[in-house]
Amino acid sequence: MDKRKLTKRIIKHQHGTPNPIIQREEEVMLSLVDKALATTSNSQAIGRNGEIPLRDFLNRYLPYTLRAVTGHFVPPSGRLSAQIDVMILDARYPLIAENADGSVLAMLHSVIQTIEVKTRITTHDIEKMWKDSIEIMELAAEVNGYGNPGDFSSVHTTAFAFRSAQSLDTLEQKYEEVGKPRKSGLDITVLRLSDKNIKKEIGVELHFEPDFASEKSKKVIGFIPIPGASFTPLSDLYYRMVQNSYYTMEERGYSYGDIARHVMDYMSWATASWDKVFKE
């Protein structure tokens, strides 16, 4: 074979352009959700058909040090969290329980990020997302550093929607109105905007950027809402999730010995004394 005739194909995503691989993944996920919306009016069934494609995507692409699950988490006190659509866990930790439907009970120490999933986001959803996010952070605060949205060691609370039911301006206004970025760092990713003023198929991330007193100061004097447009929001969500998860794991700095000690906060031996087993 003439080596001169061989062409070398370069596969590298260029900044500011759609990610062609993730774009195909987005199209498949959107078709599954649209099919569910067209075939059922059951809100629980529709919800599952939104959560499952996202979890499946994440578990295909995430490194083995991370896993995406649905269910609850508990801090060492044993207080149960609300049902969470997607949790990103440090996979070095064992699960406390896994149910027949695949939902789990996870240790708070293992939780890196939570994601609330909606098929079609509304302003009402945004208000509830902030409320749910703050409740998660209050519960996460039982472990030192986990409930502070300004620290990388903290649990990250995010939300994900496949489509929007209202314009970007309407969603952005509500996000700014009800947002409490000092209590929770809730970012919202919308895969496709339904906005007659936007001509291209595009998505957005709603985010509060901290405003510092000066360039050299670490003092936060406020927060600025910033909508970030993206051709393939799923690729940006995934990129940021992997990067931030590793920053979080590094900031927490847990060794395997630390994890072994954490397990003792959640589990106990079930050893029975023989004098209590046999009847006297």
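Analysis parameters
- Residues numbered from 1 in each chain as written.
- Predicted model: local features only at pLDDT ≥ 70, side-chain atom pairs only at ≥ 80, totals over all residues.
- Heavy atoms only, no water.
- Helix = DSSP H or I, 4+ residues; strand = E, 2+ residues; numbered from the N terminus.
- Lys, Arg positive; Asp, Glu negative; His and termini not counted.
- Charge placed at Lys NZ, Arg CZ, Asp CG, Glu CD.
- Phe/Tyr/Trp six-rings, centres within 6.5 Å; stacked < 30°, edge-to-face > 60°.
- Buried < 20%, exposed > 50% of the residue type's maximum accessible area, 1.4 Å probe, protein only.
- pLDDT = per-residue confidence, 0-100.
- Salt bridge = Lys/Arg side-chain N within 4 Å of Asp/Glu carboxyl O.
- Contact = heavy atoms within 4.5 Å.
- Pairing = 2+ DSSP bridges.
- Arc of directions from axis to C-beta.

**What to know about the overall build of the protein**
Inference 1: On a plain count of helices and strands, the protein comes out with 7 helices and 9 strands.
Inference 2: Across its three principal axes, the protein shows a C-alpha extent of roughly 80 × 65 × 50 Å.
Inference 3: Mean positive and mean negative side-chain charge positions of the protein (35 and 37 charges, respectively) differ by 6 Å.

**Brief notes about the packing of aromatic side chains**
Inference 1: Scanning the model with the defined rule gives 9 aromatic pairs in all.
Inference 2: Between Phe57 and Tyr61, the aromatic rings sit 4.7 Å apart at their centres with planes inclined by 35 degrees, giving tilted as the arrangement. With Phe57 and Tyr61 both in helix H2 (residues 43-61), this residue pair falls 4 residues apart, about one helical turn.
Inference 3: Taking relative accessible area as the criterion, Phe57 reaches 0% and is therefore assigned buried.
Inference 4: When the ring of Trp130 is compared with that of Tyr175, the centres are 5.6 Å apart and the planes differ by 45 degrees; the resulting orientation is tilted. With Trp130 in helix H3 (residues 123-140) and Tyr175 in helix H4 (residues 168-178), the pair connects residues that are 45 residues apart, well separated along the chain.
Inference 5: Its relative accessible area of 1% is what places Tyr175 among the buried residues.
Inference 6: Taken together through their ring pairs, the aromatic side chains of Phe57, Tyr61 and Tyr238 make up a single cluster.

**Description of the confidence of the model for the protein**
Inference 1: In this model, the protein carries an average pLDDT of 90, and 97% of its residues clear a pLDDT of 70 or more.
Inference 2: Mean pLDDT in the protein bottoms out at helix H7 (residues 274-277), which sits at 79, and peaks at strand S4 (residues 104-107), which reaches 98.

**Thoughts on the pattern of salt bridges**
Inference 1: Per the counting criterion, the structure on display carries 14 salt bridges.
Inference 2: The salt bridge involving Glu127 is made with Lys174; its shortest N-O contact spans 3.5 Å. Note that Glu127 is positioned in helix H3 and Lys174 in helix H4, a separation of 47 residues in sequence.
Inference 3: Judged by relative accessible area, Lys174 falls into the buried class, the value being 17%.
Inference 4: The partner of Asp132 in a salt bridge is Lys128, with the nearest N and O atoms 2.7 Å apart. A residue pair is termed a helical-turn pair when its members lie 3 or 4 positions apart in one helix, as Asp132 and Lys128 do in helix H3 at 4 residues.
Inference 5: What makes Lys128 partly exposed here is its relative accessible area of 41%.

**Describing the environment of Pro75**
Inference 1: The topology assignment puts Pro75 in the loop between strand S1 (66-74) and strand S2 (84-90).
Inference 2: Measuring from C-alpha to C-alpha, the distance between Pro75 and Ala141 comes to 9.0 Å, with 66 residues separating the pair along the chain.
Inference 3: The residues contacting Pro75, other than those within four sequence positions of it, are Leu108, Leu139, Glu142 and Tyr266.

**Observations regarding the environment of Gly16**
Inference 1: Assignment of secondary structure puts Gly16 in the segment before helix H1 (20-39).
Inference 2: As a C-alpha pair, Gly16 and Thr232 span 216 residues in sequence and 9.8 Å in three-dimensional space.

**Quick look at the pairing of S4**
Inference 1: Here S1 pairs with S4 via 4 bridges, running parallel. Within the sheet, the bridge partner assigned to Phe73 lies in S4 and is Ala106.
Inference 2: Strand direction decides the pairing type here: strand S3 (residues 97-98) and S4, joined by 2 bridges, are antiparallel. If you follow Glu98 over to S4, its bridge partner there is Val104.
Inference 3: The hairpin turn running from S3 into S4, its antiparallel successor, is 5 residues long, and Gly102 in that turn takes a positive phi close to 90 degrees.

**Observations regarding the sheet that holds strand S6 (residues 156-164)**
Inference 1: Reading across from one edge, S3-S4-S1-S2-S5-S6-S7-S8-S9 is the order of the 9 strands in this open sheet, with mixed pairing throughout. Either end of the sheet is taken by a strand with one partner, and the two such strands are S3 and strand S9 (220-230).
Inference 2: Sheet topology note: the S6/strand S7 (residues 187-192) ladder contains 5 bridges and is parallel. Within S7, the position partnered with Thr158 by the bridge is Asp187.

**Topic: H4**
Residue pairs spaced three or four apart in an α-helix point in one direction, given the helix's 3.6 residues per turn.
Inference 1: Of all the residues in H4, the buried ones are Leu168, Leu171, Lys174, Tyr175 and Val178. Angularly, the buried residues of H4 cover 135 degrees about the axis, an arc narrow enough to put them on a single face. Away from its buried face, by an angle of more than 90 degrees, H4 presents the exposed residues Asp169, Gln173 and Glu177.
Inference 2: Looking at the buried positions of H4, the neighbouring elements they touch are strand S5 (111-121), H3, S6, S7 and strand S8 (203-212).

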